Amino acid sequence: MSSPHRRPLTRPHPRSALLPKAALLAASLTIAAATPVAPLAAQGATHPITAADISAWKTIRGATLSNDGAWFAYIVAPNEGDAEVVVKQTAAGGKEMRFPIGEAPAAAGGPFGGGSLPGLQLAGDGKWVAMLVYPKAAEQKRLRQQRRPVVSKALVVDLASGEKREFDRVRRIAFGGDTPKWLAMQAYGPDAPAGGGGAGGAGGPAPGAPGMGGNPLGGGGGRVEGTDMLLHELGTTTLFNVGNVADFSFDNKGRWLAYAIDAREQAGNGVQLRELATGIVKSLDAGKALYRRLAWSDTLNALAFLKGTADSAATDTTWAAVGVSRVGAPTQQLVTVGQGGKATLPNGMEVSPDRAPRWLEQQDAMLIGLRVSTPPLPRGEQLEDDDRPTLILWHHKDPRLQSMQLVQEQADKGFSFMATYLPATQAVVQLTNADVRTGSVGAHDRWLLSSENQPYERQASVDGIQYRDVYLTDVRTGNRVTVKQRMVGTSSLSPDGRTVLFWNDGNFHAYDVATKNVTNITAGAPTSFIDTEDDHNVDRPSTDFIDWSRDGRFVLISDNYDVWRVGLGGKSWANLTGNGRAERIRYNRVVRTDLTDRTIDLTKPVYIVAMQARTKKESVVRIDPAKNGVVSVTGWRDARHAPIRAKNADVWVSTIQTSTRFPDYWRVSFGSNALADSVRLSDANPNMNGVAWSAGSRLVNYVTEKGDSLQGALYLPAGYQEGKQYPTLTFIYELQSDNLNSFYSPTFSSSPNALIGVHTSRGYAVFLPDIVYKLNDPGMSAVWSVVPAVKAAIRTGVVDSANVGLHGHSWGGYQTSFLVTQTNIFKSAVAGAPLTDMISMYSSVYWNTGGANQAIFQSSQGRFKGNFIENREAYERNSPNRFADKVKTPLIILHDDKDGAVDFNQGITYYNTLRQMNKDVILLEYVGENHGLSQLRNRRDYSQRLMEYWDSYLKGQPAPEWLKNGIPRLKMDEHLRDQKKKLDPKKVAM
């Protein structure tokens, strides 16, 4: 079940096509082999994947490319155990260096980040790499058992010479600018947190990052004593130690370093500025105060920060926003607003510590946060815990349920309104308020695009329809104009600030900021931008708005297949790709050549990753905006591409994956309709040829019982022999056939797809069919789609019709629990965290967010019209528990007692009903777990039980005792010890 209460009206990922019936053979069955590019599974002796292999399986994190494209770095880490950093030249035959870094936390390396990852940083100029190094896994386990701190150290390497320097007890690293001469390192304090606190220093954005919603320094008034900051001049032995630093930040060019001092008793606190070229240090502000949230402007020599002063009673802290404009110039000035400043704040407001201030582009004003001033209660009037009732008062007029208010309580406490401070006039202009709460400032800091949902909030919690009133506010005057009321869908401000784009009534519209005129820019277009493939109960949702052209004259919009350039004056539509809809090609993943630029420069070639909906083949294509149509620069391949371009050079790096080929990184050149000059940059699992792996994947076409033409991805077992039939696992969750060429790295998980590689290694085929939905029939839609899909897969000759299993989790768990009441085509099934009674589930709470489930049923996955009172028969006929007497398929239910998405009661009541009817049912409950299994010990246990379960039912192997007869509670410890022996990994080097 999806976590958000509503489906976003624009999709971040491609969807499977609804193929025309004419595309299918008369037998409603076509099988297309997906030829591997270069399968890694070697011929020769192999073994099925074991628990030890899963533990040792490696994945790549934090891949980063230098700005000139000369160097590539990444973390390679096993599912369990010690990781290493690999740094490699991208040229053929280039140098490679490897550095062990112990057991790194997942946050130590994130997505492709251009050299700004917290635990691994590759200098933009490709001369240096810095990383955090952690104790080895065994040492960390010992330290945690002893309640001793687990701390990291820093390692910096000269890539030209290979010279290394280490710095102990470092939790944060940062290079100064794209061509750095300095590396700053934040040390631990004397009392580092015990039991793994060291790893936490690598996670999340750096303290003081502009626009952060939460305060990593313990909240605005939190007590954060500074620690040593080490400042190392790269290429020299020079090292400065600045004590009591709570936060630091380089400017964008690496010319200046600002840092906040936080000493005991606030002695010497302040913000200091170091000019790195000269070493001159200046005090920008000092006093007995707290200094937080240092924020440089992206492209300006302008700094802002917060200053907090405790009041006389020491029960609260009042704040000021401080700005330093034109740093280093003769016209440099320091201004203050809030505590100690001259400006008068709006009535009842004070500067908020929960929003980082920043200068506007012209450096004539600062954006700041305001909060409602709440004087502290006298100590005698504060409720003591012993006297405080535990009441939660639910009222029908609440816009948000009390449960949601509890989940969002800390965010509400830290919420701040946006305001502009103009030093020249000492004016403070409030931009958002209790009604119009949210907004974003557009390019060049001229306008704030904001919205209000308060009039519709209560109803939206019920039906999921997200109406908003959209406004445009002048950030210097506060003058606000209405762009559109009662709008549903996307809205966006152009990069030149002249136009607001919004979706309404089945079309995109352009609001002219100067004239306030609104133009329907897609009416009459030779294509529709209504997403007719969206099967949710949503009125005319839009297809994807891709982005603005850099000059703000056009928008690029997908119609699910082609990319259209749409003019803002209306009646101007150019199909840039040309053949998408006609040939069922989805052009929907634009490659960003500059990750900091969210517009598209139509004076230069535009690169897109495209997929053929019928075959799932992909290609990287180039659009030359001066002429319509595309050029394939890689050719169409049975593979998936994820290309990235270096910031300042025409150097490309990409993963290339298939169902049999791990997504390692390669340097690629685009030749004539082919990939050329490929240089391998990573080899995460070189010994993968030691394990049995899938023989590939095939595409299965089928027609549903309602006439929809769909597809499914069929993964072949290892050692597949044509003509031989294999036990098959069917994994379901809406649309999945686009994953035909996806490589699934094995890992312990409650998600069925995480073990695809394990199952195929052990002799199973795995089938992922698409499901489309009819309104008011989510359960029956699964029957209408999945049963014909499985029959089509059986006709391929791959699937043993007598041994087909079914597994789904969350919404897939619901589909599974319903399917087994309607068909006996499956020999056994597993339903993870399933919805089982649509009526009782409808008005229950999605505890992870605190909202009601009602919106999910009406406009998201449920796809019902109205509530269960208005539409009772539809809710009942799609509720699995209403047909429990029809179940003949052995079933395992996974449901955890702290499930905050699908209440545990859904699983336990279905189990009890089936048990009462003497059905073959088992409930697995992992105490304390939520909607999915998070603890490794539980994920390992669950994965092992699934393999035993499938082997027993689908391969005829003897059933273990827990499956055959259950385990009495008093014998559970003995049973768990026996299970653990099966899971204890041997050392495997992948």
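You'll find the structure just up there.
Residues numbered from 1 in each chain as written. Predicted model: local features only at pLDDT ≥ 70, side-chain atom pairs only at ≥ 80, totals over all residues. Heavy atoms only, no water.

Trainee: Explanation requested: the overall build of the protein chain in the structure shown.
Mentor: Along the backbone of the protein chain there are 17 helices and 55 strands. Compactness check: the protein chain gives a C-alpha radius of gyration of 30 Å against a globular reference of 30 Å for 990 residues, within 12% of the reference. Its C-alpha atoms give the protein chain principal-axis dimensions of roughly 80 × 75 × 65 Å. Every one of the 990 residues in the protein chain was classed for burial, and the buried ones make up 57%. Taking contacts inside the protein chain between residues at least 6 apart in sequence as the whole, the part at least 24 apart equals 59%. Working note: accessible area of the protein chain is about 40,500 Å², and carbon and sulfur atoms make up 49% of it. Charge centroids of the protein chain, computed over 110 positive and 98 negative side chains, lie 3 Å from each other. (Helix = DSSP H or I, 4+ residues; strand = E, 2+ residues; numbered from the N terminus. Rg over C-alpha atoms; globule rule 2.2 N^0.38 Å. Buried < 20%, exposed > 50% of the residue type's maximum accessible area, 1.4 Å probe, protein only. Contact = heavy atoms within 4.5 Å. Areas by Shrake-Rupley, 256 points an atom, 1.4 Å probe, with all protein chains shown as cover. Lys, Arg positive; Asp, Glu negative; His and termini not counted. Charge placed at Lys NZ, Arg CZ, Asp CG, Glu CD.)

Trainee: Help me understand the pairing of strand β55 (residues 921-924) in this model?
Mentor: Side chains on a regular strand alternate between the two faces of the sheet. Covered by surrounding structure in β55 are Val921 and Leu923 together with Ile922 and Leu924, the residues of both alternating faces. Handedness of the crossover is the feature at issue here: the chain leaves strand β54 (residues 891-894), passes through helix α14 (residues 904-916), returns alongside β55, and the resulting connection is right-handed. (Right-handed = clockwise from strand over helix to strand, strands pointing away.)

Trainee: In this structure, what is going on with the sheet that holds strand β19 (residues 317-325)? I would like to understand it.
Mentor: Picture the strands of a sheet paired through backbone hydrogen bonds; they go either parallel or antiparallel. Spatially, β17-β18-β19-β20 is the arrangement adopted by the four strands of the open sheet, whose pairing is antiparallel. Since the sheet does not close on itself, it has two edges, and those belong to β17 (290-296) and β20 (333-338), each with one partner. Strand-to-strand twist of the sheet, defined as the mean angle between neighbouring strand axes without regard to direction, takes the value 20°. As paired elements, β17 and strand β18 (residues 303-310) share five bridges and run antiparallel to each other. Bridge pairing links Tyr291 to Lys307 in β18. (Pairing = 2+ DSSP bridges. Axes fitted to C-alpha atoms, helices over the stretch in contact; angles between N-to-C directions.)

Trainee: Quick question: what am I supposed to make of the packing of aromatic side chains here?
Mentor: We describe a pair of aromatic rings using the distance from one ring centre to the other and the angle between the two ring planes. The final tally for this structure, using the stated rule, is 34 aromatic pairs. Ring centres 4.7 Å apart and planes at 65° place the aromatic pair Trp503 and Phe508 in the edge-to-face group. The same class applies to Trp503 and to Phe508, which are both buried. Each ring, one from Phe818 and one from Phe883, has its centre 6.2 Å from the other, and the planes form 90°; the classification is edge-to-face. A residue pair is termed long-range when its members are at least 10 positions apart, and Phe818 in helix α10 (residues 811-819) and Phe883 in the loop between α13 (872-877) and β54 qualify at 65 residues. Three or more aromatic residues link up through ring pairs in this structure, and these residues are Tyr773, Trp811, Tyr814, Phe818 and Phe883. The aromatic ring of Phe415 is capped on one face by Arg437, whose charged end is 3.8 Å from the ring centroid. The ring of Tyr773 is capped by Arg863, whose NZ or CZ atom sits 3.9 Å from the centre of that ring. (Phe/Tyr/Trp six-rings, centres within 6.5 Å; stacked < 30°, edge-to-face > 60°. Lys NZ or Arg CZ within 6 Å of the ring centre and 35° of its normal.)

Trainee: Sorry, what's going on with helix α9 (residues 778-795) here?
Mentor: Residue pairs three or four apart in sequence face the same way in an α-helix, which turns once every 3.6 residues. Here α9 spans 26 Å end to end across 18 residues, near enough to the 26 Å set by a 1.5 Å rise per residue. Of all 18 residues in α9, 15 are buried, a share of seventy percent or more. Looking one or two residues past α9, Gly797 carries a phi angle of roughly 90°, positive in sign. (Expected span 1.5 Å × (residues − 1).)

Trainee: Where do I start with the packing of α9 against α10 in this structure?
Mentor: What describes two packed helices is the angle between their axes and the distance between those same axes. In contact at an axis separation of 9 Å, α9 and α10 are set at 80° when each is read in the N-to-C sense. In terms of orientation, α9 lies roughly perpendicular with respect to α10. Across from Pro778, Gly779, Met780, Ala782, Val783, Val786 and Val787 in α9, the residues of α10 making contact are Trp811, Tyr814, Gln815, Phe818 and Leu819. Looking at the contact of α9 with α10 residue by residue, the class counts come to ten nonpolar, two polar and no charged. (Parallel < 35°, antiparallel > 145°, perpendicular 65-115°, else oblique. Nonpolar A, V, L, I, M, F, W, Y, C, P; charged D, E, K, R; others polar.)

Trainee: I keep staring at unusual backbone geometry and nothing clicks. Help me out?
Mentor: With the exception of glycine, most residues fall at negative phi, and the peptide bonds are largely trans. In the Ramachandran plot, Lys571 falls in the positive-phi region, its phi being about 60° despite a non-glycine side chain. With respect to the helices and strands, the residue Lys571 is situated in the loop between β36 (563-567) and β37 (573-575).

Trainee: Whenever I open this one, the pairing of strand β51 (residues 828-832) confuses me. Can you help?
Mentor: Most of β51 sits inside the fold, with five of its five residues counted as buried. Side chains Ser828, Val830 and Gly832 of β51 all project onto a buried face; the interleaved residues Ala829 and Ala831 project onto the opposite face, where all are buried too. Direction of pairing for strand β50 (residues 799-809) relative to β51: parallel, over a ladder of five bridges. Bridge pairing in β51 places Leu806 opposite Ala829.

Trainee: Mind showing me how you'd approach the sheet that holds strand β40 (residues 618-623) here?
Mentor: Spatial strand order, β38-β39-β40-β41: four strands in an open sheet with antiparallel pairing. The sheet is open, and its two borders are formed by β38 (585-590) and β41 (630-632), each paired with just one other strand. Strand-to-strand twist in this sheet, taken as the mean axis angle between neighbours without regard to direction, amounts to 40°. As paired strands, β38 and strand β39 (residues 606-612) are joined by five bridges and run antiparallel to one another. Bridge pairing in β39 links Arg586 to Met611.

Trainee: Before we go on, may I ask you to explain the side chain of Thr728 in this structure?
Mentor: Mapped onto the elements of the fold, Thr728 is located in strand β48 (residues 726-731). A polar contact of 3.0 Å, which involves the side chain of Thr728, links it to the backbone oxygen of Tyr726. What Thr728 contacts, discounting residues up to four positions off in sequence, is Tyr764, Ala765, Val766, Phe767, Val799, Asp800, Asn803, Val804, Gly805 and Leu954. (Polar contact = N/O pair within 3.5 Å; in protein donor to acceptor, adjacent residues only side chain to side chain.)

Trainee: What is the right way to read a negative patch on the surface from this model?
Mentor: Together, Glu384, Asp385, Asp386 and Asp387 give the surface a local cluster of negative charge. Mapped onto the fold, Asp385 is located in the loop between β23 (366-372) and α4 (402-407). The exposure class assigned to Asp385 is exposed, which follows from its relative accessible area of 64%. (Patch = residues over 30% accessible without salt bridge, like charges linked within 9 Å, V, L, I, M, F, W, Y side chains within 5 Å. Salt bridge = Lys/Arg side-chain N within 4 Å of Asp/Glu carboxyl O.)

Trainee: Where do I start with the packing of helix α15 (residues 936-954) against helix α17 (residues 972-983) in this structure?
Mentor: It is the contact of α15 with α17, at a shortest axis distance of 10 Å, that shows an interaxial angle of 85°. When the axis of α15 is compared with that of α17, the two are roughly perpendicular. Along its contact with α15, which presents Arg940, Asp941, Gln944, Arg945 and Glu948, the element α17 presents His975, Leu976, Gln979, Lys982 and Leu983. Class assignment for the residues of the contact of α15 with α17 results in two nonpolar, three polar and five charged.

Trainee: I tried to follow the nonpolar core on my own but got confused; where do I start?
Mentor: Here is a general trend for soluble globular proteins: nonpolar side chains tend to be buried in one another's company. Core analysis: the biggest nonpolar cluster contains 56 residues, and Leu819, Leu835, Phe857, Tyr875 and Tyr910 have the highest contact counts within it. Top contributing element to this core by residue count: α9, with ten residues. Those residues in contact with Tyr910 that sit more than four places away from it in its chain are Ser817, Val820, Thr821, Thr836, Pro880, Asn881, Ala884, Val887, Leu891 and Ile893. With 54 residues, the next largest nonpolar core counts Ala63, Val653, Trp693 and Tyr949 among its residues. (Core = buried A, V, L, I, M, F, W, Y, C linked by side-chain atoms within 4.5 Å.)

Trainee: How do you make sense of the environment of Asn588 when you look at a structure like this?
Mentor: Checked against the element boundaries, Asn588 lands in strand β38. Overall, Asn588 belongs to the partly exposed group, its relative accessible area being 24%. Sequence separation between Asn588 and Ala184 is 404 residues, and the spatial gap between their C-alpha atoms is 40 Å.

Trainee: How do you make sense of a nonpolar patch on the surface when you look at a structure like this?
Mentor: Judged by side-chain polarity, Ile392, Trp394, Leu401, Leu406 and Trp847 come together as a nonpolar surface patch covering roughly 480 Å² of accessible area. With respect to the helices and strands, Trp394 occurs in the loop between β23 and α4.

Trainee: I keep staring at the pattern of salt bridges and nothing clicks. Help me out?
Mentor: Pairs can form between side chains of opposite charge whenever their charged atoms are close. Counted according to the given criterion, the structure contains 45 salt bridges. The salt bridge partner of Glu166 is Lys153, with a shortest N-O separation of 3.1 Å. Note that Glu166 is positioned in strand β9 (residues 164-167) and Lys153 in strand β8 (residues 153-158), a separation of 13 residues in sequence. With a relative accessible area of 49%, Glu166 lands in the partly exposed category. Classification of Lys153 by relative accessible area gives partly exposed; the value is 25%. Glu722 serves as the salt-bridge partner of Arg698, at 2.9 Å between the closest nitrogen and oxygen. With a gap of 24 residues between them, Arg698 in strand β46 (residues 697-703) and Glu722 in the loop between β47 (709-715) and β48 connect regions that are remote in the sequence.

Trainee: Teacher, can you tell me more about the side chain of Thr599 here?
Mentor: For Thr599, the position within the fold is in the loop between β38 and β39. On the accessibility criterion, Thr599 (18% relative accessible area) is buried. Apart from the residues within four sequence positions on either side, Thr599 is in contact with Pro495, Asp547, Trp548, Ser549, Arg550 and Arg592.

Trainee: Help me understand the environment of Ile101, please; the structure alone is not making it clear to me.
Mentor: By the element assignment, Ile101 lies in strand β5 (residues 96-102). Residue class for Ile101 comes out buried when judged on its relative accessible area of 1%. Once the C-alpha coordinates of Ile101 and Ile75 are considered, the two residues, 26 residues apart in sequence, prove to be 8.9 Å apart. Contact partners of Ile101, with chain neighbours within four places excluded, come to Ile75, Ala83, Glu84, Val85, Met131, Leu132, Val133 and Tyr134.

Trainee: Any chance you could explain the environment of Leu431 here in plain terms?
Mentor: As for its placement among the helices and strands, Leu431 is situated in the loop between β25 (427-430) and β26 (438-441). Relative accessible area serves as the criterion here: at 0%, Leu431 is assigned to the buried category. Note: C-alpha distance between Leu431 and Val475 (44 residues apart in sequence) is 6.8 Å. Excluding its chain neighbours within four sequence positions, the residues that come into contact with Leu431 are Leu367, Met418, Ala419, Thr420, Leu448, Thr473, Asp474, Val475, Gly478 and Arg480.

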